[in-house]
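# Descriptive structure summary
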Amino acid sequence: MVLAADISNGEVGVAGTGTIDYSGEPLIKLGFAGTPMSASSLKRIWPALIVPEVREWVIERIEGGTLQRVDIGVNTLVKNLPRKGPPIPDDGLSVNIVANGVTVRPVDGLPPVHDADLKARVTGRTATVTIGQGIADTATGRKLTISDFSFEVPDTHQRPPPSRVKLKIDGPVPAAAEVMSSDRLSDVMATPIDPNTSKGTFSATINLGIPVVGGLTKENTSYTVTADLNGFAADKLVMNQKLEPMR
């Protein structure tokens, strides 16, 4: 059986071909490519059977922006497609996405990252999303630069799939103090810093291990934070004493 599709409505353009071979166990081969479209359009056309956990991560966490390229290739047995079926072999699936100007919520407890360039690569067994650089605004309008972000699922066959998140954050100390006071990251800092009475700049690398599930808690999240401070000073840091940089 030969399949073909060429869909365009002015907002979404998708073209593809495929076959289903019934000479043995049903084998499906599909290839689809999309023209530039909005991120919301991608959510509508991403097939629900194709790596559903990663699809849900994209739907829940990526907003806005424009997809420059999206292509999906499938070459696997039909029985591998349902969520409860056998897993798709690593070479049985290929999804590639390139987007810019997107807004993404990469980690619970951190503000959304906007104006970001994003790339995603999915195979039958792995998934990787990377962001070169973007900007995050705290609740009070302080700005952070997010770079070298990666979200990796090394084995989508596990239930729930594990993931690794790594990102670098640069910005003023008050912005970091504001973010670190969130419920998710509050215990990283043994001694809280008041964002309104601190100054200086910082550069931090955050590594997290989290399962790809809907309800994330501190119990199922592991993380490490490595930070460098420059020109740091703060009031009310330890026993209400003022801390200033050494001269």
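Scoring rules and cut-offs
Residues numbered from 1 in each chain as written. Predicted model: local features only at pLDDT ≥ 70, side-chain atom pairs only at ≥ 80, totals over all residues. Heavy atoms only, no water. Pairing = 2+ DSSP bridges. Helix = DSSP H or I, 4+ residues; strand = E, 2+ residues; numbered from the N terminus. Salt bridge = Lys/Arg side-chain N within 4 Å of Asp/Glu carboxyl O. Buried < 20%, exposed > 50% of the residue type's maximum accessible area, 1.4 Å probe, protein only. Contact = heavy atoms within 4.5 Å. Polar contact = N/O pair within 3.5 Å; in protein donor to acceptor, adjacent residues only side chain to side chain.

## Let's talk about the pairing of strand β11 (residues 162-172)
Side-chain positions along a regular strand alternate between the two faces of the sheet. As paired strands, strand β10 (residues 143-153) and β11 are joined by six bridges and run antiparallel to one another. In the strand pairing of β11, E152 is matched with R164. Of the strand pairs in this sheet, β11 and strand β12 (residues 198-211) are connected by eleven bridges, and their pairing is antiparallel. Bridge pairing in β12 places R164 opposite G209.

## Considering the environment of F232
Structurally, F232 is set in strand β13 (residues 222-238). With 60 residues separating them in the primary sequence, F232 and P172 have C-alpha atoms 9.5 Å apart.

## A word on the pattern of salt bridges
Enumeration over the complete set of coordinates arrives at six salt bridges. The residue E63 makes a salt bridge to R105 at a minimum N-O spacing of 3.7 Å. Of this pair, E63 sits in strand β5 (residues 62-63) while R105 sits in the loop between β7 (93-104) and β8 (113-123), placing them 42 residues apart in sequence. You can call E63 partly exposed: its relative accessible area is 38%. Among the salt bridges present, the one from D155 reaches R125, with a minimum N-O distance of 3.2 Å. Of this pair, D155 sits in the loop between β10 and β11 while R125 sits in the loop between β8 and β9 (127-137), and the two are 30 residues apart along the sequence. For D155, a relative accessible area of 12% puts it in the buried group. Given the relative accessible area of 36%, R125 is considered partly exposed.

## Re the side chain of E178
Note on placement: E178 falls in helix α3 (residues 173-180). If near-sequence neighbours (up to four positions away) are discounted, E178 is found in contact with T138, A139, T140, R142 and P195.

## Side note on the pairing of β9
Pairing geometry for β8 and β9, over seven bridges, is antiparallel. Pairing of A120 across the sheet is with V129, part of β9. Two successive antiparallel strands, β8 and β9, enclose a turn made up of three residues. Across ten bridges, the pairing between β9 and β10 is antiparallel. Bridge assignment links A136 to a residue of β10, and that residue is L144. In sequence, β9 turns back onto β10 through a hairpin of five residues, with G141 there showing a positive phi of about 95°.

## Some words on helix α2 (residues 52-61)
The element α2 is extensively covered by neighbouring structure, given that seven of its ten residues are classed as buried. Of all the residues in α2, the buried ones are P52, E53, V54, R55, W57, V58 and R61.

## Points about the side chain of N80
Its location among the elements puts N80 in the loop between β6 (66-77) and β7. At a separation of 2.7 Å, a polar atom in the side chain of N80 contacts the side chain of T76. Residues in contact with N80, not counting those within four places in the same chain, are P86, P87, I88 and P89.

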